[in-house]
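# Structural characterization, general
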Amino acid sequence: MPQFIEAGLWGLLGGSALLLGAGIAFLFKLPQRLVAGIMAVGAGVLISAVAFDLMDEAYKRGGFDSTALGFLAGAVIYTAANIAISRRGARHRKRSGGNPDASLPPAAEGAGLAIAVGALLDGIPESVVIGVSLLEGSGVSLVTVAAVFLSNVPEGLSSASGMKAAGHRPAYIFGVWGGIALASGIAAALGNYALAGTDADVIAATTAVAAGGILAMLVDTMIPEAAEESHDYAGLITVAGFLLAFVLSKLGG
């Protein structure tokens, strides 16, 4: 199997958690603290992946200059795009209980679709990282895939709940999330294919851009939402997720 196809399948697996979250929203009403706890674990795993898998690898490939510039650029790009999307109703797209700021029906606000676009914004750097991780020749970064999967579940859940309240049919909702999951797979495949054989500095900068975007996303969306519901336990749960990912990264190395 060509490597870029394998990368696409791993990216699709990470994106499929959006469909899982949407399915949960239709079948069950989970306690918000439980979903927030899952989000906190995912945040811890993603922080570990950024620190040990992404930034460390970028530094080894391209040194401080490419890594630092890429890292800051990723944060700037994500922040600008996130501000634009948040103003259209996607500020709380990671929230396990839906969008609390929607005083109007979700259909009037367009919040459900804005959240879906926000999920695409969050997922592209994560998926590119999955594809790039295969270029090392030692297999995909399972820590990164697990982190992406865990962070996508509550996002799919919250957005599907908003779309359902707006009166959208299941076929429409799952069609939107299926398309985003497919886009995640395509982003991973393209990241792998486009960067194969390129200069080490380019790969380092691209990895660092994704790392900067992911870390900015964590601080702007996942961590505040997880802390609001998990309260005093959010830090402990996040640390547990970080430790789990750290152990897995060392065992895998």
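Per an unreviewed UniProt entry, the protein carries the name ZIP family zinc transporter and comes from Alterirhizorhabdus solaris.

### Section: the overall build of the protein
Counting secondary structure elements, the protein contains 8 helices and 0 strands. Relative to its 253 residues, the protein shows a buried fraction of 48%.

### Concerning the pattern of salt bridges
Taken as a whole and judged by the stated rule, the model has 2 salt bridges. As a salt-bridge pair, Lys 60 and Asp 56 come within 3.3 Å of each other at their nearest N and O atoms. In this pair, Lys 60 and Asp 56 both sit in helix α2 (residues 32-90), 4 residues apart, roughly one turn of the helix. The partner of Glu 57 in a salt bridge is Arg 61, with the nearest N and O atoms 3.0 Å apart. One end of the pair, Glu 57, and the other, Arg 61, are both in helix α2, 4 residues apart, so they sit about a helical turn from each other. Looking at Arg 61, the relative accessible area reads 23%, which means it is partly exposed.

### Some thoughts on the confidence of the model for the protein
Per-residue pLDDT for the protein averages 80, and the proportion of residues at 70 or more is 87%. Between the elements of the protein, mean pLDDT differs from a low of 39, seen in helix α3 (residues 106-109), to a high of 90, seen in helix α1 (residues 3-27). Note that residues 98-109 has pLDDT below 50 and, in this model, 17 contacts with residues that lie over four places away or in other chains.

### Some thoughts on the side chain of Asn 192
The residue Asn 192 is located in helix α6 (residues 170-195) in this model. Among the residues examined, Asn 192 registers a relative accessible area of 2% and is labelled buried. Look past the residues within four positions of Asn 192 in its chain and what remains in contact with it is Gln 3, Phe 4, Ala 7, Gly 131, Leu 134 and Leu 135.

### Section: the UniProt feature "transmembrane region" (unreviewed entry) in the protein
Mapped onto this numbering, the UniProt entry annotates "transmembrane region" (unreviewed entry) at residues 7-28, 34-55, 67-85, 128-150, 171-196, 202-221 and 233-252. Annotation note: span residues 7-28, helix share 95%, strand share 0%, distance between end C-alpha atoms 32 Å. As annotated, residues 171-196 has a helix share of 96% and a strand share of 0%, and its two end C-alpha atoms lie 37 Å apart.

About the cut-offs
- Numbers given for residues are sequential positions, taken from 1 along each chain in its written order.
- Local features in this predicted model are restricted to residues whose pLDDT is 70 or higher, and side-chain atom pairs enter the listing and the counts only when it is 80 or higher, whereas totals over whole chains, interfaces and linings include all residues.
- Side-chain numbers here rest on the full set of heavy atoms in the structure, without hydrogens or water.
- Helix numbers and strand numbers start at the N terminus; a helix is a DSSP run of H or I with at least 4 residues, a strand a run of E with at least 2.
- Each residue's exposure class comes from its accessible area (1.4 Å probe, protein chains only) as a fraction of the maximum for that residue type: buried when under 20%, exposed when over 50%, partly exposed otherwise.
- Salt bridge, as used here: a side-chain nitrogen of Lys or Arg that lies within 4 Å of a carboxyl oxygen of Asp or Glu.
- Per-residue confidence from the predictor is reported as pLDDT, a score between 0 and 100.
- Working rule for contacts: check all heavy atoms of both residues, and any pair within 4.5 Å makes them a contact.
- UniProt positions are given in the numbering used here, feature names are shortened, and annotations may be inferred rather than shown by experiment.

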